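# A closer look at the structure
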Amino acid sequence: MASFVSLETLTAPTSADAMREALKSSGCKSSSCGASGGPGDLPPEVWNRIKDHPCYSEEAHHYFARMHVAVAPACNIQCNYCNRKYDCANESRPGVVSEKLTPEQALRKVIAVANEVPQLSVLGIAGPGDACYDWRKTKATFQAVAKEIPDIKLCISTNGLALPDHVDELVEMNVDHVTITINMVDPMIGAKIYPWIYFGNRRHTGLVASQILHERQMLGLEMLTERGILVKVNSVLIPGINDHHLAEVNAAVKARGAFLHNIMPLISDPAHGTCFGLTGQRGPTHAELMAVQDACSGGVNLMRHCRQCRADAVGLLGEDRGQEFTLDQLPETVTYDPAKRAAYREVIAAERDDHVAAKADAGRTLDAAASDARVLVAVTTRGGARVNQHFGHAKEFQVYEASSAGVRFVGHRKVENAYCQDGFGEDATLDSTIRALDGVGVVLCAKIGECPQEQLSAAGIVATDAYAYDYIETAVSAWYAAEYGRPATAMIA
Ligand code: CLF
Ligand code: SF4
């Protein structure tokens, strides 16, 4: 996904007007991990802590970017879905990175990115091993970056086993966002996911390993929430292993004060060399993922915009600009310049107010559309919460559920390649896009040609560019209000 305000725009003289214009016509990729609540439905002190975090706030992911630095390669457990390799730049899944960094190299990279990517608001350490187990490098990186860029949010992701040992230091370093991956609260289920853990200077296997891991995860969660840190729980949905168990996980972490629950689909492929990949364990379908997420509604708030980023991802959620900032491209010395980030924030504050007002208008539009139809609507966006990407350029579709009750973000669908290659449409790509849009009734985009429009129509999917550059909620609600009386297309209820 491309970025919402282009690099070209922001490397030019950064006037507020130029940025405002750029917001309307270009875009960041919206997606993320985070609560769907906005300033109106969260206590102000909570909103202030998440409003610039693209993972903790679904709204913020339209505007702000995160970067990960791969400083923590060592891990103290083995998950059956993980095989950490450092040499594959084309894979996009947690734990995989192209190059490991020392804390000094990481600092140089963070400064270089902050100078070029004004959307940057969060520095995360998510591996490629475990950030709490490889603690010395994690801590050194956070301390060095916080000294140079004091307003960047520090964020960490961990399996939880070593977490209780470092909670006090996390508090001291002002780390306000912690993610724990919790796939089970029943060690019998854990034994099917974790072949071993390393704890107390020895390796443990079987039920004992999962029991220890479970106890440490719950202890770490409790310690963090007691100290007021916002904790997100990630769970990997593994069909046949924990699919019926994740509602129990949701309840257990809710009882301990977790802020968000991010249920992610297992990524499994024999080519990845993971245990699950090699044994044929499949990942869930879109429908299975939504069913488990819906089964957890009413518990801890769900994050549905996670992109399952690499441990060296850079950019808005859904885009990865990591290849622009590899070590060989970084200057030997680099000085932080806060100007672009400051100018961007000024523009975004006004843009977000505008978006809030547009969402309220969209709600009123839907109120007037008294229909029982619920339709999945896919939009193509480059960010800024607008329908601002051509169909042919999209490598990802944001999916919203439209009903007279509102417009609700429900997830995203990735495609291998964009339809348009070197100016020409690719039929084979369109076939895979149509498969990825399974269950979707409508595609809203900034531009689409007659040919793909007709082929989508033949597959039962309406595609239109009539709402180009509108806010997503404005576009979806206007389409719904105009169409609800028609014969239903791919209604889901
Ligand atoms: Fe990184 Fe994770 Fe922090 Fe976000 S990611 S450490 S909370 S800054 Fe976000 Fe990426 Fe999903 Fe993680 S989209 S994988 S939830
Ligand atoms: Fe891989 Fe993370 Fe599991 Fe360690 S905790 S084995 S790095 S997925």
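Reading guide: rules and limits
- Residues numbered from 1 in each chain as written.
- Chains lettered and ligands numbered in written order.
- Predicted model: local features only at pLDDT ≥ 70, side-chain atom pairs only at ≥ 80, totals over all residues.
- Heavy atoms only, no water.
- Helix = DSSP H or I, 4+ residues; strand = E, 2+ residues; numbered from the N terminus.
- Buried < 20%, exposed > 50% of the residue type's maximum accessible area, 1.4 Å probe, protein only.
- Areas by Shrake-Rupley, 256 points an atom, 1.4 Å probe, with all protein chains shown as cover.
- Axes fitted to C-alpha atoms, helices over the stretch in contact; angles between N-to-C directions.
- Left-handed = near helix turned anticlockwise from the far one by under 90°.
- Contact = heavy atoms within 4.5 Å.
- Nonpolar A, V, L, I, M, F, W, Y, C, P; charged D, E, K, R; others polar.
- Polar contact = N/O pair within 3.5 Å; in protein donor to acceptor, adjacent residues only side chain to side chain.
- Pairing = 2+ DSSP bridges.
- Right-handed = clockwise from strand over helix to strand, strands pointing away.
- Salt bridge = Lys/Arg side-chain N within 4 Å of Asp/Glu carboxyl O.
- pLDDT = per-residue confidence, 0-100.
- Phe/Tyr/Trp six-rings, centres within 6.5 Å; stacked < 30°, edge-to-face > 60°.

## Digging into the overall build of the chain
What the chain contains, in helices and strands, is 15 helices and 18 strands. When the 493 residues of the chain are sorted by exposure, 56% land in the buried category. A total accessible area of about 19,200 Å² is found for the chain, and carbon and sulfur atoms account for 51% of it.

## Comments concerning the packing of helix α4 (residues 103-116) against helix α5 (residues 135-148)
A pair of packed helices is captured by two measures, namely the crossing angle of their axes and the spacing between those axes. In contact at an axis separation of 9 Å, α4 and α5 are set at 35° when each is read in the N-to-C sense. Crossing of α4 over α5 shows right-handed handedness. Counted together, P103, A106, L107, V110 and I111 of α4 and K137, A140, T141, A144, V145 and E148 of α5 form the full contact between these two elements. For the contact of α4 with α5, a count of residues per class yields eight nonpolar, one polar and two charged.

## Topic: the side chain of Q389
Following the sequence through the fold, Q389 ends up in the loop between β12 (375-379) and β13 (396-403). Reaching out from Q389, the side chain makes a polar contact with the backbone oxygen of H393 at a distance of 3.5 Å.

## Some thoughts on the pairing of strand β8 (residues 230-237)
Burial analysis of β8 places eight of its eight residues in the buried class, which makes it a mostly covered element. Burial along β8 is two-sided: L230, K232, N234 and V236 and V231, V233, S235 and L237, pointing in opposite directions, are all buried. Direction of pairing for strand β5 (residues 177-181) relative to β8: parallel, over a ladder of five bridges. Note that in β8 the partner of T179 across the bridge is K232. What joins β8 to strand β9 (residues 260-265) is helix α9 (residues 246-255), and the crossover it makes is right-handed.

## Let's talk about the sheet that holds strand β7 (residues 202-205)
Strand order in the open sheet formed by three strands is β2-β6-β7, with antiparallel pairing between adjacent strands. The sheet is open, and its two borders are formed by β2 (77-78) and β7, each paired with just one other strand. Bridge analysis of β2 against strand β6 (residues 196-199) gives two bridges, and the strand direction is antiparallel. Directly across from Q78, in β6, lies its bridge partner W196. Across the face of the sheet, helix α8 (residues 206-226) comes into contact with β2, β6 and β7 while running at roughly 105° to β7.

## Concerning the pairing of strand β14 (residues 406-414)
Taken together, the eight bridges between β13 and β14 define a ladder with antiparallel strand orientation. Following the sheet pairing, A402 is matched in β14 by V407. Hairpin connection from β13 to β14: two residues lie between these consecutive antiparallel strands.

## Thoughts on the pattern of salt bridges
Applying the stated criterion across every chain yields a total of 21 salt bridges. Residue E288 is joined to R282 by a salt bridge in which the shortest nitrogen-to-oxygen separation is 2.8 Å. A residue is classified by how much of its surface remains accessible, and E288, at 30% relative accessible area, is partly exposed. Residue class for R282 comes out partly exposed when judged on its relative accessible area of 43%. Note that E351 is salt-bridged to R386, the shortest N-O span being 3.1 Å. Taken together, the residues E351 in helix α12 (residues 339-367) and R386 in the loop between β12 and β13 connect sequence positions 35 residues apart. R386 shares its class with E351; the two are buried. Linked through salt bridges whose partners overlap, the residues forming this network are K51, D52, E59, R345 and R352.

## A look at the confidence of the model for the chain
In the predicted model, the chain carries a mean pLDDT of 87, and 87% of its residues have values of at least 70. Low pLDDT, under 50, characterises residues 1-34; the predicted model gives this stretch 148 contacts beyond four residues in sequence or across chains. In the predicted structure, residues 486-491 sits below a pLDDT of 50 and forms 12 contacts with residues beyond four places in sequence or in another chain.

## Details of unusual backbone geometry
With an omega of 15°, the peptide bond between G127 and P128 qualifies as cis. Positioned with a positive phi, Q308 is a non-glycine residue whose angle comes to about 50°. Mapped onto the elements of the fold, Q308 is located in the loop between β10 (302-303) and β11 (314-316). Using a relative accessible area of 13% as the deciding quantity, one classes Q308 as buried.

## A look at the packing of aromatic side chains
The description of an aromatic ring pair uses the distance of the two centres, along with the angle that the planes make with each other. Taken as a whole and assessed by the stated rule, the structure comprises six aromatic pairs. Aromatic side chains F64 and Y344 sit 6.0 Å apart centroid to centroid with 85° between the ring planes, which places their arrangement in the edge-to-face category. Residue F64 is found in the loop between α3 (44-50) and β1 (65-68), and its partner Y344 is found in helix α12; the two are separated by 280 residues along the sequence. By the burial criterion, F64 is buried, and Y344 matches it. A centroid spacing of 5.9 Å and a plane angle of 50° characterise the contact between F391 and F397, whose relative ring orientation is tilted. Like F397, F391 is buried.

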